[in-house]
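Understanding the architecture of this molecule
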Amino acid sequence: MKPLLLPALAITLGVAALLAADAAPRTVAITLPAETARLADSPLPGAALATSFCFTCHSADYVLTQPPASSRAYWKNTVVKMQKTFGAPIPDSAIDPITDYLVKTYGAERASGK
Ligand code: HEC
């Protein structure tokens with residue numbers, strides 16, 4: 001019986017090694033769909049600031065789908081909520097310019113009155 005022990009041990013170790021290799025982390029590549037929503041161009045300084053600070057967590061669709069009658073106070077509250085409640089790293093100095101851009105482009109102060 002003794003000669004059988006060695007091969008049995010070798011097989012056990014081999015299986016253990018295979019199981020361990022299977023449990024090792026693997027790299028999986030995924031391809032996300034291209035982002036299509038973007039903010040409207042504008043000479044207002046808040047446009048570039050919003051593009052820099054607003055879309056690390058969600059797409060621009062969140063801005064584009066807000067009610068067009070939204071007031072300056074609504075937009076300011078929203079921007080401050082992103083910063084304070086959701087922890088967006090938006091400098092205080094960017095709050096007012098971003099609010100100004102958003103209310104004039106997507107809110108109650110739009111020139112077109114769409
Ligand atoms: C730190 C991550 C983060 C950043 C950066 C961020 N947001 Fe958000 N935003 C959120 C979360 C979380 C929600 C809520 C999502 C939900 O309810 O499904 C949200 C929701 C929104 C909504 C939907 C209305 C609402 O009040 O929930 C708007 C509009 C919005 N964000 C605008 C902005 C703008 C403008 C900026 C830049 C000033 C910004 N977000 C930056 C996390 C972020």
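One can find the structure itself at the top, above this paragraph.
Now for a quick tour of the structure. Here the structure is a predicted model, which is why all the values come from computation and not from measurement. (Residues numbered from 1 in each chain as written. Predicted model: local features only at pLDDT ≥ 70, side-chain atom pairs only at ≥ 80, totals over all residues.)

**Comments concerning the nonpolar core**
Judged by nonpolar contacts, the single largest core of 14 residues is most densely connected at Ala50, Val63, Trp75, Val79, Ile98, Tyr101 and Leu102. Of all elements in the fold, only α2 (45–53), α4 (72–84) and α5 (92–106) reach the threshold of two or more residues within this core. In terms of residues, this core owes the most to one element, α5, which gives five residues. If sequence neighbours within four positions are ignored, Val63 has contacts with Leu39, Cys54, Leu102 and Tyr106. (Core = buried A, V, L, I, M, F, W, Y, C linked by C-beta atoms within 7 Å. Buried ≥ 20, exposed ≤ 12 C-beta atoms within 10 Å, placed from the backbone. Helix = DSSP H or I, 4+ residues; strand = E, 2+ residues; numbered from the N terminus. Contact = placed C-beta atoms within 7 Å.)

**Structural notes on α5**
Along its 15 residues, α5 runs 21 Å from first to last C-alpha, staying within 8% of the 21 Å computed at 1.5 Å per residue. For α5, the set of buried residues is Ile98, Thr99, Asp100, Tyr101, Leu102, Val103, Thr105 and Tyr106. (Expected span 1.5 Å × (residues − 1).)

**A few points about the site of the ligand**
Close to the ligand lie 18 residues; Cys54, Cys57, Tyr62, Met82 and Ala88 are nearest. Listed by contribution, the elements that provide at least two residues to the shell around the ligand are α2, α3 (61–64) and α4. For the shell around the ligand, the class distribution of residues is twelve nonpolar, five polar and one charged. (Near = placed C-beta within 6 Å. Nonpolar A, V, L, I, M, F, W, Y, C, P; charged D, E, K, R; others polar.)

**Overview of α4**
Here α4 contains 13 residues, and its C-alpha end-to-end distance of 18 Å stays within 8% of the 18 Å for a straight helix at 1.5 Å per residue. Among all positions of α4, only Trp75, Val79 and Met82 are buried. For α4, the angular spread of buried residues about the axis comes to 55°, placing them on one side. Facing away from the buried side of α4 by more than 90 degrees, the exposed set consists of Ala73, Lys81 and Lys84. Contacts made by the buried residues of α4 are with α5. (Arc of directions from axis to C-beta.)

**Section: the environment of Ile98**
Position of Ile98 among the secondary structure elements: in helix α5. Judged by C-beta crowding, with 27 C-beta atoms within 10 Å, Ile98 ranks as buried. Residues Ile98 and Cys54, 44 residues apart in the sequence, show an inter-C-alpha distance of 9.5 Å. Among all residues touching Ile98, those that are not within four sequence positions of it are Gly46, Leu49, Ala50 and Val79.

**Description of the packing of α2 against α5**
Running from N to C, α2 and α5 point in directions that differ by 110°, and their axes come no closer than 8 Å. Considering the angle they form, α2 stands roughly perpendicular to α5. From α2, Pro45, Gly46, Ala47, Leu49, Ala50 and Phe53 reach across to α5, where they touch Ala94, Pro97, Ile98, Asp100, Tyr101 and Leu102. Split by residue class, the contact of α2 with α5 holds ten nonpolar, one polar and one charged. (Axes fitted to C-alpha atoms, helices over the stretch in contact; angles between N-to-C directions. Parallel < 35°, antiparallel > 145°, perpendicular 65-115°, else oblique.)

On their own, these measurements won't tell you what the molecule is for.
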